[in-house]
2 protein chains.
Amino acid sequence: MSFSQLRPTQLCFARLTPPATRFSWRSTALGRRYMSQDIGRDFMTGEASSRLTITKTTSPKELPPSKSLLFGRTFSDHMLRIPWTEATGWGAPSIAPFSDINLSPGATVLHYAQSLFEGMKAYRHEDGTVTMFRPDMNMKRMNSSAQRLALPTFNGDALIECMKELISLDRNWIPKEPGHSLYIRPTLIGTNGTLGVAPPNEALLFVITSPAGPYYPQGFKPVPLHGTTEYIRAAPGGTGAYKLSANYAPGVVAQKSAAKQGYAQNLWLHGPEHWLTEVGTMNLFVVIKDRDGVTELITPPLDGMILPGVTRDSVLTLARNHASGAKRLQGLPDAIKISERPINMAEIILSSKEGRLVELFGTGTAAVVTPVERIGYNGGDVMIPTGEDGMGPVSKPLWTELVGIQTGAIKSDWNYVVAK
Amino acid sequence: MSFSQLRPTQLCFARLTPPATRFSWRSTALGRRYMSQDIGRDFMTGEASSRLTITKTTSPKELPPSKSLLFGRTFSDHMLRIPWTEATGWGAPSIAPFSDINLSPGATVLHYAQSLFEGMKAYRHEDGTVTMFRPDMNMKRMNSSAQRLALPTFNGDALIECMKELISLDRNWIPKEPGHSLYIRPTLIGTNGTLGVAPPNEALLFVITSPAGPYYPQGFKPVPLHGTTEYIRAAPGGTGAYKLSANYAPGVVAQKSAAKQGYAQNLWLHGPEHWLTEVGTMNLFVVIKDRDGVTELITPPLDGMILPGVTRDSVLTLARNHASGAKRLQGLPDAIKISERPINMAEIILSSKEGRLVELFGTGTAAVVTPVERIGYNGGDVMIPTGEDGMGPVSKPLWTELVGIQTGAIKSDWNYVVAK
């Protein structure tokens, strides 16, 4: 691959003006060596060369037909890289053609899973505006993951600005069809090539993007889940609340086992009480009517085992705004109780028997909302009601609002404008 | 780097003669496509080209002074690589100069920790013979780890033969000083560049080696441990019994916390009962005298949370041989009870108070035996007796026997001859 059109730009950081950041930058310019922890969480360590550079591809790839898109299979023309070393802090961000990452065979990411990531999306509105959905939430979580692994933290606003440049450059990779988007995958890995189990002294933050079709092109199709009790996704004192690479590979066997038994995904049930925690790689919501007929929207609490999902938070916020009257959503029951509380299989089965189970759905960046039709459990299936179009009475108005915001039909400060 | 002296060899597989393997090979030669699961666990998929090739470096590195060796910092001149794809199975093994691994930025190892490894050692005996210590145990565990992650399994004997070739080629990298060895790191990673969380359809097995000095060059120095209750290493239904990359990065914060409080390593305490499980990245042994004065050697059982360590198994085997009279070890008490059973901090504290706590030590490939002098717990320190030379009355004869075997002073079928 040949590169060209090298052009340095200050745009990425021109908008970065929190006083703390400026101060750190100036201090660094005076020669003080900063660790990532004390540079005001900035990518820059004070060198003029630490500004974003963009190297455009000279051989752009052909865009894949939108209809043939499969999740995460095709990547856009460019990627963002930001190196870090313990000695010099964050180096200069660069956008360059998508290309291999070369690692020492001793790199800690390969041996000890020193790795974490985020999943987020950019949407093209009808008027051509491109936005990212709540990237501040992803940046916050990514820094939280980095701390959990003793990897370097960074200035989330700076990374958002760099990602805007990347998405802007590859905006033709966002399919024009409704329901399509550009999936964005920021990743942070430990790269130093020594075999000790310790915080890395070299790391690389990179961002790749991938055009994504709608998760349910033929409309919602509720999925069957298999209740997993043999394997765990998380445990108290573990890493379930962080988006670490280490949380994913060990879950594949549970998925395989679910698939073998004819289920689409697995439902992580925790402890002898079989608490519902997550659905495959999604957060989980249950809707139940209490004995007084009041609708309760329930999701497991952030007790250290649950990933603090951006879609989870968005669903809770929209539902709470509805319940408080701040913004009513059409179709959603007037009286709705929103609960972050534990719920176990016994409660699911009881409410199902008593006809009070309304619906159950997963939430995540990839599919936004995924309705569930049944849960394989104890050798049988617990049936979950689903609406005619696949969605339930609570998930549908919430999904409609959420997608309305993401696609620009509804104005919201959750949208970060990338390009107009 | 320039390569030369390409020479194909069949040596690596000449010794590989289990009938099942041969059969699979022939069947494959007839054109049947095999998945890794049904090719008799062989690296070969039937093509003549699937034999080991060796490309020697033309620019050998200078050997580092043995005194300056730090664990895992320096790698020998060559490495072994064996690629795998779902469609074609295991490809041809190759030994070539140590060089970077090039990965797609979408490679599953980077995003989902599809990665596992082993740690083992080759020793140079006084007569020049080079041996590996119980590599069959590592191969068994590596395949067990691969299955847990839905990564491809393989023929362990074939990998041992390939590693012998690698070690033989780089035998000058085994330092000549007593107590030194060559650390061997086989690693298996998922390499396909697509973002779905699923079994990979491409993988790479590679082996690198690193010269290692004695862990305690100035004799044994017992270490202080900090009892970790805030974080976990493993949990029931998790991956603690497998040597997965995913088990390591999340433990760094516990190490950092221990170090900050002045302790050398952390002691993983599980559950509200504070069961002792592992020491940092080592297995754990406790020696206690019961009230009748009988010495009990205790290690936590393989309940799914404990790594089945090769040194752990070796210590248990030597102690059991002693207890049964099969092979008495000088210095070890005649009456010794060997127990794989849970032990918690309450029992440690009680036996300490009653003067019955004899010693506590970690075992692992890197340090073989590591004596412990105290445990930071509940704001105080539980003191552990240690002998004059740092070791205890049980660990010392076991360590002496083990190291005697590894260095060739004592004959044993645990040694696999690499070169004479």
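From a predicted model like this one, the values you see are computed outputs, not experimental measurements.

Definitions and cut-offs
- Residues numbered from 1 in each chain as written.
- Chains lettered and ligands numbered in written order.
- Predicted model: local features only at pLDDT ≥ 70, side-chain atom pairs only at ≥ 80, totals over all residues.
- Heavy atoms only, no water.
- Helix = DSSP H or I, 4+ residues; strand = E, 2+ residues; numbered from the N terminus.
- Buried < 20%, exposed > 50% of the residue type's maximum accessible area, 1.4 Å probe, protein only.
- Contact = heavy atoms within 4.5 Å.
- Least-squares fit on C-alpha atoms with pLDDT ≥ 70 in both.
- pLDDT = per-residue confidence, 0-100.
- Salt bridge = Lys/Arg side-chain N within 4 Å of Asp/Glu carboxyl O.

All names here are of chain A. Along the chain, Thr 299 turns up in strand E16 (residues 295-299). Given a relative accessible area of 1%, Thr 299 falls into the buried group. Ignoring any residue separated from it by four or fewer positions in sequence, one finds Thr 299 in contact with Leu 284, Phe 285, Arg 312, Leu 316, Ser 339, Glu 340 and Arg 341.

A few words on the relation of the copies chain A and chain B. Least-squares fitting of chain A to chain B yields an RMSD of 0.0 Å, with the superposition described by an axial translation of 0.0 Å and a rotation of 180 degrees. In symmetry terms, the pair is related by a two-fold rotation axis. Most of the interface of chain A is mirrored in chain B: 100% of its interface residues are interface residues there too.

All right, on to the confidence of the model for chain A then. All names here are of chain A. Averaged over every residue, the pLDDT of chain A is 88; the share at 70 or more is 88%. A low-confidence stretch, residues 1-42 stays under pLDDT 50, and its non-local contacts, those more than four residues away or across chains, total 84 contacts. Overall, residues 44-49 carries pLDDT values under 50, and its contacts beyond four positions in sequence, including any with other chains, amount to 16 contacts.

Attention now goes to the pattern of salt bridges. Applying the stated criterion across every chain, the model contains 30 salt bridges over all chains. Between A:Glu354 and A:Arg291 there is a salt bridge, with its nearest N and O atoms 2.8 Å apart. Taken together, the residues A:Glu354 in the loop between helix H8 (345-353) and strand E18 (357-364) and A:Arg291 in the loop between strand E15 (283-289) and E16 connect sequence positions 63 residues apart. A residue is classified by how much of its surface remains accessible, and A:Arg291, at 63% relative accessible area, is exposed. Between B:Arg320 and B:Glu340 there is a salt bridge, with its nearest N and O atoms 2.9 Å apart. With a gap of 20 residues between them, B:Arg320 in helix H7 (residues 310-324) and B:Glu340 in strand E17 (residues 336-340) connect regions that are remote in the sequence. A residue is classified by how much of its surface remains accessible, and B:Arg320, at 37% relative accessible area, is partly exposed. Judged by its relative accessible area of 34%, B:Glu340 is partly exposed. Because the salt bridges share partners, they merge into one network encompassing A:Arg291, A:Glu354 and A:Arg356.

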